[in-house]
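Topology and contacts: notes
Take a look at the letters that make up each chain.
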Amino acid sequence: MGTLTKEIDKYAKNKKFEIETLKIREEYRKEFIGNVSHELKTPLFTVQSYLLTLLEGGVEDEKIRKKYLARAAKGVERLTYIIKDLDMITKLEVGVLSLDKENFDMVKVVQNVFDLFEMKAAKKQITLTFDIDYTEPIKVYADKERIQQVLTNLIVNSIKYGREKGTTEVSIENLIKNKAIIRVTDNGEGIAKANLQRLFERFYRVDKSGSRKEGGSGLGLSIVKHIIEAHEEKIYIESELGVGSEFSFTLEKTK
Ligand code: ADP
C-alpha cells in the first residue's frame, strides 16, 4: 500500500471510530433521558392525581383531605430524592465532581449514619449493629461527605431489602498495606447470582414492582460504585437469594 493510501485508510478508520463513538454517546443519551422521564413519571402522576382530586372539591372529609395532601407531599419528596440522585450521577459520570479528601474517623461516620437511620430501621424492627466495640478511632483518608453517602446508600438498601426483625451489621477490618475494608451485611431478601453483575448499572432494579413499592431511583448503587472508583478503591458484593447480602469496600488508612 502506498503512503497516501495508508493515510486515507487511517483517516477512514479514525472517522469510523469517531462516528461509532458518537453513535454510542447518542444511544447512551437517549437511554438516559428515557430512564429519567420514566422514573419521574410515577411520582409526578401520584402528586397530580391527589392534587386534582382535592381541587375538584369532592372530598368532604377533613381526614381524607389531609391524607391526600400527605400523599402528594410524599410524592414531591420522592421526586426531590430522584432529582438529587440524578444530579449526583450526572456529575459523577461527567467527571466534574472532584474529591475533597481529608483524614477522618470512619467509626464516627458509621455512628452518624446509624443515628440518621435508626428510626427507619426500627419501623421494620431491624437491628443496626456495629460489629465490635470500636474504642479506637479508625482513621482513613478519603472524601468524608461522599463516603458518608456510600455508607448511607448501602445501609438504606439493607433496611429496604432487609427482612422484618432482621439485622444490618457494619464492620471495619484492617487489611494489609494501609487499607481498611468496610462491610455492610444484612440477612434480607438477597440477590440471585444472575442479577449480581448488573446491580451497579444505573436505573437497574432486580424486582421492578417490589423495588418500586420500596421507592428509590435505581441509582443508589451506581452512585456508590462511582464514588468508590473515583477513590481508586474496590467494591464487592456477596449475596445469596433468601439469605442476605454483603457489600464491602476498601479505603486508604492514615498511618
Ligand atoms: P434502588 O434501591 O433505588 O432500587 P439501588 O441502585 O440502590 O436502587 O439498588 C439497585 C437494586 O439492587 C435494588 O432495586 C434491589 O433490587 C437490589 N439491592 C440493592 N441492595 C440490596 C440489598 N441489600 N439486598 C437485596 N437487594 C438489594
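For the structure itself, consult the block above.
These remarks concern the structure in this document. Numbering of residues starts from 1 in each chain and follows the order in which that chain's sequence is written. Only residues with pLDDT of 70 or above have their local features reported here, since the model is predicted, and side-chain atom pairs are shown and tallied only from 80 upward, although totals for entire chains, interfaces and linings are computed over all residues. To get the side-chain values, take all heavy atoms of the structure and skip hydrogens and water.

**Re the site of the ligand**
Rule in force here: Proximity criterion: a residue is near a molecule or strand once any of its heavy atoms comes within 4 Å of it. Pairing of N or O atoms within 3.5 Å defines a polar contact, subject to two protein rules: one partner must be a possible hydrogen donor and the other a possible acceptor, and residues neighboring in sequence count only if both atoms are side-chain atoms. A 1.4 Å probe and the Shrake-Rupley method give the accessible areas. Residues count as covered only by the protein chains that appear here. Strands are runs of DSSP state E lasting at least 2 residues, helices are runs of H or I lasting at least 4, and numbering of each runs from the N terminus. Ten residues, namely Ala, Val, Leu, Ile, Met, Phe, Trp, Tyr, Cys and Pro, are considered nonpolar, four, namely Asp, Glu, Lys and Arg, are considered charged, and the remaining ones, Gly among them, are considered polar.
The immediate surroundings of the ligand are formed by 21 residues, with Y161, D186, R205, G218 and L221 found nearest. Within the side chain of S245, one N or O atom sits 3.5 Å away from a nitrogen atom of the ligand. Relative to its unbound accessible surface of 540 Å², the ligand loses 98% to contact with the protein. Every element with two or more residues in the shell around the ligand is listed here: helix 4 (144–160), helix 7 (220–230) and strand 7 (244–252). Tallying contributions element by element places helix 4 first for the shell around the ligand, with three residues. Class assignment of the residues belonging to the shell around the ligand gives a composition of eight nonpolar, nine polar and four charged.

**What to know about the pattern of salt bridges**
Rules: Salt bridges are counted wherever a side-chain nitrogen of Lys or Arg sits within 4 Å of a carboxyl oxygen of Asp or Glu. When accessible area is computed with a 1.4 Å probe and restricted to protein chains, residues below 20% of their type maximum are described as buried, those above 50% as exposed, and intermediate ones as partly exposed.
As enumerated under the stated definition, the model contains 14 salt bridges in all. We note a salt bridge from E26 to R29, for which the minimum N-O separation is 3.1 Å. One end of the pair, E26, and the other, R29, are both in helix 1 (residues 3–55), three residues apart, so they sit about a helical turn from each other. Relative accessible area serves as the criterion here: at 31%, E26 is assigned to the partly exposed category. Its salt-bridge partner being E201, residue R198 comes within 2.9 Å of it at the nearest N-O pair. Among the residues examined, E201 registers a relative accessible area of 35% and is labelled partly exposed.

**Some words on the sheet that holds strand 6 (residues 235–240)**
Operational definition: A pair of strands counts as paired when DSSP detects no fewer than two bridges linking them. Interaxial angle, 0 to 180 degrees, is taken between N-to-C directions of lines fitted to C-alpha atoms, where a helix line uses only the stretch in contact.
Spatial ordering of the open sheet is given by 2-4-5-7-6, a layout of five strands whose pairing is mixed. For this open sheet the edge positions go to strand 2 (127–130) and strand 6, each flanked by a neighbour on one side alone. Strand-to-strand, the axes of this sheet are offset by a mean angle of 15 degrees, without reference to chain direction. Relative to strand 7, strand 5 (residues 179–186) runs antiparallel, the two being bridged by eight bridges.

**Regarding the packing of aromatic side chains**
Where we set the bar: In this scheme Phe, Tyr and Trp rings, the latter by its six-membered ring, pair at centre separations within 6.5 Å, and the angle between planes marks the pair as stacked below 30 degrees, edge-to-face above 60, and tilted otherwise.
What the rule picks out here adds up to four aromatic pairs. Geometrically, the ring pair formed by Y28 and F32 is stacked, given 6.5 Å between the ring centres and 10 degrees between the ring planes. Of the two residues, Y28 and F32 are both situated in helix 1; the distance of four residues between them amounts to about one turn of the helix. On the basis of relative accessibility, which here comes to 38%, the residue Y28 falls in the partly exposed class. Taken together, a centroid distance of 5.0 Å and an interplanar angle of 55 degrees make the contact between Y50 and Y68 tilted.

**A look at the packing of helix 3 (residues 106–123) against helix 4**
When two helices pack together, their arrangement is given by the angle between their axes and by how far apart the axes lie. Let me state the cut-off plainly: With the far helix as reference, a near helix turned anticlockwise by less than a right angle produces a left-handed crossing, and one turned clockwise produces a right-handed crossing. By definition, residues are in contact when any of their heavy atoms lie within 4.5 Å.
Relative to each other, helix 3 and helix 4 sit at 35 degrees, their axes nearing to 10 Å. Remark: the crossing between helix 3 and helix 4 carries right-handed chirality. Contacts between helix 3 and helix 4 pair M106, V109, V110, N112, V113, F114, L116, F117, K120 and A121 from the former with K144, I147, Q148, L151, T152, I155, V156 and I159 from the latter.

**A look at the nonpolar core**
Under the convention used in this document: Think of a nonpolar core as a cluster: buried Ala, Val, Leu, Ile, Met, Phe, Trp, Tyr and Cys residues, connected wherever their side-chain atoms sit within 4.5 Å.
Among the nonpolar cores identified, the biggest contains 54 residues, and M106, I147, L151, I172 and F249 are the most heavily contacted of them. It is helix 3 that contributes the most residues to this core, eight residues altogether. Beyond its immediate chain neighbours, meaning those up to four positions away, F249 contacts M106, I147, V150, L151, L154, A180, I181, I182, I228, K234 and I235.

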